[in-house]
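# Structure assessment
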Amino acid sequence: MKKNILTDLALTFMKIGFFTFGGGYAMIAMIENNCVERKKWITHDEMMNVTVIAESTPGPIAINCATFVGYKQAGFIGSLVATLGIVLPSFAVIYAISMFLDNFLEIAVIANAFKGIKIAVGVLILDAAVTMIKKMHNKVVPKAIMACSAVAMLLINIFALNFSSISLMIVAACVSLTIFCVQSKKGGAK
Amino acid sequence: MILLDLFIGFLRVGCFAFGGAYGAIPLIRDVVLSYGWLTDEALTYMIAVAESTPGPIMVNLATYVGSSQAGIFGAILATTAVVLPSFIIILLVMAVLKNLLKNKYVQAILRGLKPCVIGIVLATGVYMIAKNALPIMPGATFNVKSFGLTIVLLGLMFGSKKLIGKKISPIMLIVISAILGAIVYAI
């Protein structure tokens with residue numbers, strides 16, 4: 001019985017890993033379809049919860065979901081099997097591509113095509129940012145942190161400053177924590 | 001040692017990659033450029049490849065960088081490193097720290113982290129577009145073809161909802177940009 005569920009977890013998550021293009025949110029739809037509707041491994045509410053947790057924790061969202069479902073079904077081994085299952089297909093595909101990409105880029109048509117693609121990637125990243133900004137709550141502090149981080153990151157990029165985005169994130173976290181502590185102290189004094 | 005560097009570099013990415021794939025791209029760019037593993041250009045190509053192949057973009061990029069630097073072992077180590085933090089954190093949240101994310105101090109930290117990630121992604125997008133379309137780097141010359149292509153692609157991305165009633169998919173935009181690039185830069 002236990003062996004069956006492990007095989008089932010591995011195969012299901014490999015399938016999800018192989019057939020989902022377009023990153024995290026596309027994968028959530030696939031996981032929902034497979035794990036909630038077909039296999040009934042977790043409920044829809046649990047799926048919503050894990051999505052919220054995934055958004056508050058680092059790492060690929062699909063990995064968080066796979067770990068969660070695997071753990072619920074078969075404990076630690078289950079989480080390991082599900083996570084490996086979802087990673088394996090993309091690992092294999094990219095590993096194969098990495099072996100011949102350089103030769104591929106020497107062909108003139110392909111090189112020109114990639115010059116166009118390079119521009120598209122910038123546009124995609126900008127679109128991701130715009131989508132995230134639209135979803136933000138309309139409050140002063142988060143908007144200010146967002147704007148300051150954007151300006152700082154632009155300056156870091158343009159002048160090639162030696163200040164990593166991780167350091168920037170740590171600063172933002174400290175600022176937010178300080179604001180919270182000051183505000184709750186004020187609130188406590190009243 | 002390259003294997004250790006790969007592991008630590010991508011562990012850093014995995015620990016701080018809030019905000020999904022596009023939140024991770026600036027971090028990966030930081031790590032990859034500071035170690036000198038890939039040029040900015042090669043990384044951009046790989047982002048497009050990662051977007052057009054199955055699987056999480058972060059995992060795809062880790063696999064590629066690892067493989068390009070140290071073969072199959074590099075690929076395995078980098079991929080494991082980028083996945084490990086989220087794996088451990090979910091296990092911890094489920095098994096022991098069920099209320100960790102509800103803690104008000106943790107919430108305050110997250111309230112700072114999330115807008116910062118959005119700002120970083122915004123800056124990265126603006127910078128990558130400007131770098132191609134405008135001669136902002138020293139020694140760069142203005143390229144009419146790149147500038148025109150940028151305007152067209154921006155129009156497609158942000159105008160597609162009005163034009164065809166549906167937002168253009170990332171893969172579709174990449175395909176169109178590849179075809180236009182192959183034509184425009186060959187003339």
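Please read these numbers as outputs of a predicted model, since none were measured by experiment.

## Quick notes on the overall build of chain A
For chain A, the helix and strand inventory stands at seven helices and zero strands. At 21 Å, chain A has a C-alpha radius of gyration far larger than the 16 Å of a compact globule built from 190 residues. Along the first, second and third principal axes, the C-alpha set of chain A runs to 60 × 60 × 25 Å. Scored against the burial criterion, the 190 residues of chain A give a buried share of 41%. For chain A, long-range pairs separated by at least 24 residues make up 49% of all intrachain contacts whose partners lie at least 6 apart in sequence.

## Overview of the domain arrangement of chain A
Domain boundaries in chain A define domain 1 (2-102) and domain 2 (137-190). Using C-alpha coordinates to define each centre, domain 1 of chain A is positioned 33 Å away from domain 2 of chain A.

## Remarks on helix H4 (residues 61-105) of chain A
For H4 of chain A, which comprises 45 residues, the first-to-last C-alpha distance of 31 Å sits more than 12% below the rise-based estimate of 66 Å (1.5 Å per residue). At Ala74 of chain A, H4 of chain A shows its maximal bend, which comes to roughly 145 degrees.

## A few points about the interface of chain A and chain B
If you look at the interface, chain A gives 76 residues, while chain B gives 88 residues. Elements supplying a minimum of two residues to the side of chain A that touches chain B: helix H1 (2-19), helix H3 (44-56), H4, helix H5 (108-135), helix H6 (140-158) and helix H7 (165-189) of chain A. Per-element tally for the side of chain A that touches chain B: the top contributor is H5 of chain A, with 21 residues. Looking at the side of chain A that touches chain B, its residues break down into 51 nonpolar, 22 polar and three charged.

## With respect to the environment of Ala130 of chain B
Relative to the helices and strands, Ala130 of chain B is located in helix H5 (residues 104-133). Along the backbone, Ala130 of chain B and Pro85 of chain B are 45 residues apart, and their C-alpha atoms lie at a distance of 33 Å.

## Side note on the nonpolar core
Counting residues in hydrophobic clusters, the biggest one holds 107 residues, and the most contacted among them are Cys65, Ala120 and Ile125 of chain A together with Val13, Met58 and Val121 of chain B. Both domain 1 (2-102) and domain 2 (137-190) of chain A contribute no fewer than three residues apiece to this core.

## Concerning the environment of Asn64 of chain A
Position of Asn64 of chain A relative to the elements: it lies in helix H4. Once the C-alpha coordinates of Asn64 of chain A and Thr51 of chain A are considered, the two residues, 13 residues apart in sequence, prove to be 8.2 Å apart. When near neighbours in sequence (up to four residues on either side) are disregarded, Asn64 of chain A contacts Val50, Ile53, Ala54, Thr57 and Gly59 of chain A together with Ser86 and Ile90 of chain B.

What counts, and where the lines are drawn
Residues numbered from 1 in each chain as written. Chains lettered and ligands numbered in written order. Predicted model: local features only at pLDDT ≥ 70, side-chain atom pairs only at ≥ 80, totals over all residues. Helix = DSSP H or I, 4+ residues; strand = E, 2+ residues; numbered from the N terminus. Rg over C-alpha atoms; globule rule 2.2 N^0.38 Å. Buried ≥ 20, exposed ≤ 12 C-beta atoms within 10 Å, placed from the backbone. Contact = placed C-beta atoms within 7 Å. Domains from an automatic or database assignment. Expected span 1.5 Å × (residues − 1). Bend = angle between axes of the 7 residues up to and from the residue. Nonpolar A, V, L, I, M, F, W, Y, C, P; charged D, E, K, R; others polar. Core = buried A, V, L, I, M, F, W, Y, C linked by C-beta atoms within 7 Å.

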